[in-house]
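Geometric and topological summary
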Amino acid sequence: QNQNPQKKQWSLQDFEIGKPLGKGKFGRVYLARELKSKYIVALKVIFKEQIEKYRLHHQLRREMEIQTSLRHPNVLMLYGWFHDDERIYLILEYAHRGELYRELRKTGHLTEKQAATYIASLAQALAYCHEKDVIHRDIKPENLLLDHEGRLKIADFGWSVQSTSKRHTMCGTLDYLAPEMVENKAHDYAVDNWTLGILCYEFLYGVPPFEAESQTDTFRRIMKVDLSFPSTPQVSAEAKDLISRLLVKDSSKRLSLQKIMEHPWIMKNADPMDKCSKLDL
Ligand SMILES: CC(=O)NC[C@@H]1CCN(c2c(Cl)cnc3[nH]c(-c4cn(C)nc4C)nc23)C1
């Protein structure tokens, strides 16, 4: 039923469906074009029977409410949604340059300017989410997309799907989890700060800091914060300083998002254009 009369009721007839962009347990993401405006979107299709089977109505509703309420240049927008008998359709912003992860895989590691720009964008987006009491956005590289200008977009609604590009060895990895998460303790905002440290390391070295042969070894390395910096590629002391101030076991001692944005390495290397503040909608 249409609670809000001005709000357009979308339906599948409003769209021309293009190639699949990703697929996963709950459904697929397709490239799509809204017929009247010719606007390109990503259409995420979720099968209702999957939602029923895994009893995920409340989580999906919460994710959609959150996603609709977040408006930030570095958070992928959920424009709206509709459903038919079998499926729920999420109308999402399309990120033209796809997964940041592919860029990382292609080049092996990012330049310090690119890495600092992406970390600054993530810190801005997370500070915005935390202001709106949204924590623990699952910010592993496969959830980070790039728009046509190479601007980072956090794309996660709790339903991470594998893109059609080669599967990442991400599923099930502990690499991005903070100690309190790995120990399954109550986690708070500071887990995101830990993950920024993991991502910053991976952007600069091409691999996450606690990678190991087995999950048990990764678990041990996280709990010990067994952090070491390879001699190649060459990485500045300031970058290592920022990483070392984020990968701290005591979550209360991790650098705050504000302090990340003011860190010398970020101030020196992040592209100010991409450090734009919230959209004044
Ligand atoms: C966790 C997660 O959502 N991962 C990626 C999902 C699959 C495609 N999704 C996209 C979503 Cl939700 C939005 N925009 C996208 N753009 C792309 C993409 C573009 N190229 C050139 N290649 C790809 C891939 N994909 C999307 C989301």
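Please refer to the structure higher up on the page.
Right, let's walk through the structure included here. (Residues numbered from 1 in each chain as written. Predicted model: local features only at pLDDT ≥ 70, side-chain atom pairs only at ≥ 80, totals over all residues. Heavy atoms only, no water.)

Some details on the packing of helix α6 (residues 190–205) against helix α8 (residues 237–246)
Taken N-terminus to C-terminus, the directions of α6 and α8 make an angle of 150°; their axes are 8 Å apart at the nearest point. Our classification of the angle between α6 and α8 gives roughly antiparallel. Pair α6 / α8 crosses with left-handed handedness. Contacts between α6 and α8 involve Asn 193, Trp 194, Leu 196, Gly 197, Cys 200, Tyr 201, Leu 204 and Tyr 205 on the former and, on the latter, Ala 239, Lys 240, Ile 243 and Leu 246. Looking at the contact of α6 with α8 residue by residue, the classes come out as nine nonpolar, two polar and one charged. (Axes fitted to C-alpha atoms, helices over the stretch in contact; angles between N-to-C directions. Helix = DSSP H or I, 4+ residues; strand = E, 2+ residues; numbered from the N terminus. Parallel < 35°, antiparallel > 145°, perpendicular 65-115°, else oblique. Left-handed = near helix turned anticlockwise from the far one by under 90°. Contact = heavy atoms within 4.5 Å. Nonpolar A, V, L, I, M, F, W, Y, C, P; charged D, E, K, R; others polar.)

Considering the packing of helix α4 (residues 112–131) against α6
Look at α4 against α6: their axes get within 10 Å of each other, and the N-to-C directions meet at 165°. In terms of orientation, α4 lies roughly antiparallel with respect to α6. Crossing of α4 over α6 shows right-handed handedness. Touching Glu 112, Ala 115, Tyr 118, Ile 119, Leu 122, Ala 123, Leu 126 and His 130 of α4 are Asp 192, Asn 193, Leu 196, Leu 199, Cys 200, Phe 203 and Leu 204, all from α6. For the contact of α4 with α6, the residue count by class is 11 nonpolar, two polar and two charged.

Points about the packing of aromatic side chains
Under the defined criterion, the tally for this structure stands at nine aromatic pairs. Ring centres 6.0 Å apart and planes at 70° place the aromatic pair Tyr 118 and Phe 203 in the edge-to-face group. Placement of the pair is Tyr 118 in helix α4 and Phe 203 in helix α6, with a sequence separation of 85 residues. Each of the two residues, Tyr 118 as well as Phe 203, counts as buried. Ring centres 5.8 Å apart and planes at 20° place the aromatic pair Trp 194 and Phe 210 in the stacked group. Here Trp 194, found in helix α6, pairs with Phe 210, found in the loop between α6 and α7 (215–224); they are 16 residues apart in sequence, far enough to count as distant. By relative accessible area, which is 0% here, Trp 194 ends up buried. Ring pairing ties together the aromatic residues Trp 10, Phe 15, Phe 82 and Tyr 89, which thus form one cluster. Across the ring face of Trp 10, the terminal group of Lys 8 is positioned such that the distance to the ring centre comes to 5.0 Å. (Phe/Tyr/Trp six-rings, centres within 6.5 Å; stacked < 30°, edge-to-face > 60°. Buried < 20%, exposed > 50% of the residue type's maximum accessible area, 1.4 Å probe, protein only. Lys NZ or Arg CZ within 6 Å of the ring centre and 35° of its normal.)

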